[in-house]
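Structure assessment
Below, each chain spelled out in residue letters.
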Amino acid sequence: MPDTGPQLSGFHALSQSTLTFEQPLHERVRLLLRLEALVERFRGTSLAARDFDHHHALTVLVDIYALAGRVDVKRELMGEIERQIANLNRLAAQPGVDQERLTLTMQGQRRLLARLEDQVGSVDHRIKGNEFFTSVRQRTALPGGACDFDLPIYHYWLSQPAAAREELLLEWFQPLETVAEATTQVLAFMRAAGTPRRMTAHDGYYEQGLDTNYAWQMLRISIDSDQQCYPEISAGRQRFTVRFLDPGDFHERPRIVSRDVPFQLSCCAI
């Protein structure tokens, strides 16, 4: 049976041995998930001390700006927040909704929207025309293009003290801070709107319909890591299917699981 609809629920604790896989159901969510993953990689490497970590942080930053350059990320985020606020307004009329929590949630969304609206200039204004950043971006687009002989200035930068490298990385990331925070909050809001339910994929296969009265954002599937399989999700506007595969030893083609697989499913919409 499909979910009854969006709910204002909190995060549900999962065991540390649980793996969660997410499937975006439209392009905006796909964009935000990619941006979230890149930001997490940047934060994890920019604060490290090794030159290798800062090399990785800079190449990730190049990817973030490339993603931001293909679409207006700020406008996409504002559109999503406005849509969430509108849906929350409609949710207020439903019985059983915690009105105090709903009000606080809407106020937080409006503050976030105002911060994005107040951000002056494009998100890439810090790196526009920066010859060093541009040269790194151009060379890292080629396999092995950031070698010392290709970019001697880059080799010199990597030899600088870790604190100096970190300062420059954070300076270039600063225009993205509000966008990164908004991405985190918007996705957290989406995830919290789905209530995990225990399901079983019989012979490794599960299928479910989606109520088209709701704007579904993403599917979240969590399995215990000792199941030694992973889900392959195919989703359309009205229905989705999940097939669990055994990766084996990663040398041969994964095999379709032929046993029942218990998992937790969240269908997220708001």
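Reference entry: report on the structure contained in this document. Everything numeric in this text was worked out from a predicted model, so none of it was measured.

Definitions and limits used
- Residues numbered from 1 in each chain as written.
- Predicted model: local features only at pLDDT ≥ 70, side-chain atom pairs only at ≥ 80, totals over all residues.
- Heavy atoms only, no water.
- Pairing = 2+ DSSP bridges.
- Helix = DSSP H or I, 4+ residues; strand = E, 2+ residues; numbered from the N terminus.
- Axes fitted to C-alpha atoms, helices over the stretch in contact; angles between N-to-C directions.
- Phe/Tyr/Trp six-rings, centres within 6.5 Å; stacked < 30°, edge-to-face > 60°.
- Buried < 20%, exposed > 50% of the residue type's maximum accessible area, 1.4 Å probe, protein only.
- Left-handed = near helix turned anticlockwise from the far one by under 90°.
- Contact = heavy atoms within 4.5 Å.
- Nonpolar A, V, L, I, M, F, W, Y, C, P; charged D, E, K, R; others polar.
- Expected span 1.5 Å × (residues − 1).

Now for the sheet that holds strand 1 (residues 18-24). Read from one edge of the open sheet, four strands run 1-4-8-2, paired in antiparallel fashion. Each of the sheet's edge strands pairs with one partner strand only, and the pair in question is strand 1 and strand 2 (197-201). Adjacent strand axes in the sheet meet at a mean angle of 30° when their direction is disregarded. One ladder, built from five bridges, connects strand 2 with strand 8 (residues 261-269); its direction is antiparallel.

What the rule picks out here adds up to eleven aromatic pairs. Pairing Tyr206 with Phe240 gives two aromatic rings, centres 6.3 Å apart and planes at 45°, and the pair type is tilted. Here the residue Tyr206 occupies a position in strand 3 (residues 205-209), and Phe240 occupies one in strand 6 (residues 239-246), the gap between them amounting to 34 residues. The pair formed by Tyr206 and Phe240 is uniform in burial state, with each residue classed as buried. Ring-pair connections join several aromatic residues into one group, and the members of that group are Tyr65, Phe132, Phe133, Tyr154, Trp157 and Trp172.

For the rest of this paragraph, the subject is the packing of helix 3 (residues 73-91) against helix 8 (residues 177-192). Look at helix 3 against helix 8: their axes get within 10 Å of each other, and the N-to-C directions meet at 35°. Pair helix 3 / helix 8 crosses with left-handed handedness. Across from Val73, Leu77, Glu80, Ile81, Gln84 and Leu88 in helix 3, the residues of helix 8 making contact are Val179, Ala182, Thr183, Val186, Phe189 and Met190. Grouping the amino acids of the contact of helix 3 with helix 8 by side-chain chemistry returns nine nonpolar, two polar and one charged.

The end-to-end C-alpha distance of helix 3, which contains 19 residues, comes to 27 Å, matching closely the 27 Å that a straight helix rising 1.5 Å per residue would cover. Taken together, the buried positions of helix 3 are occupied by Val73, Lys74, Leu77, Met78, Gly79, Glu80, Ile81, Gln84, Ile85, Asn87, Leu88 and Leu91. Looking at the packing, one finds that the buried side of helix 3 touches helix 1 (27-46), helix 2 (51-70), helix 4 (99-118), helix 8 and strand 4 (216-224).

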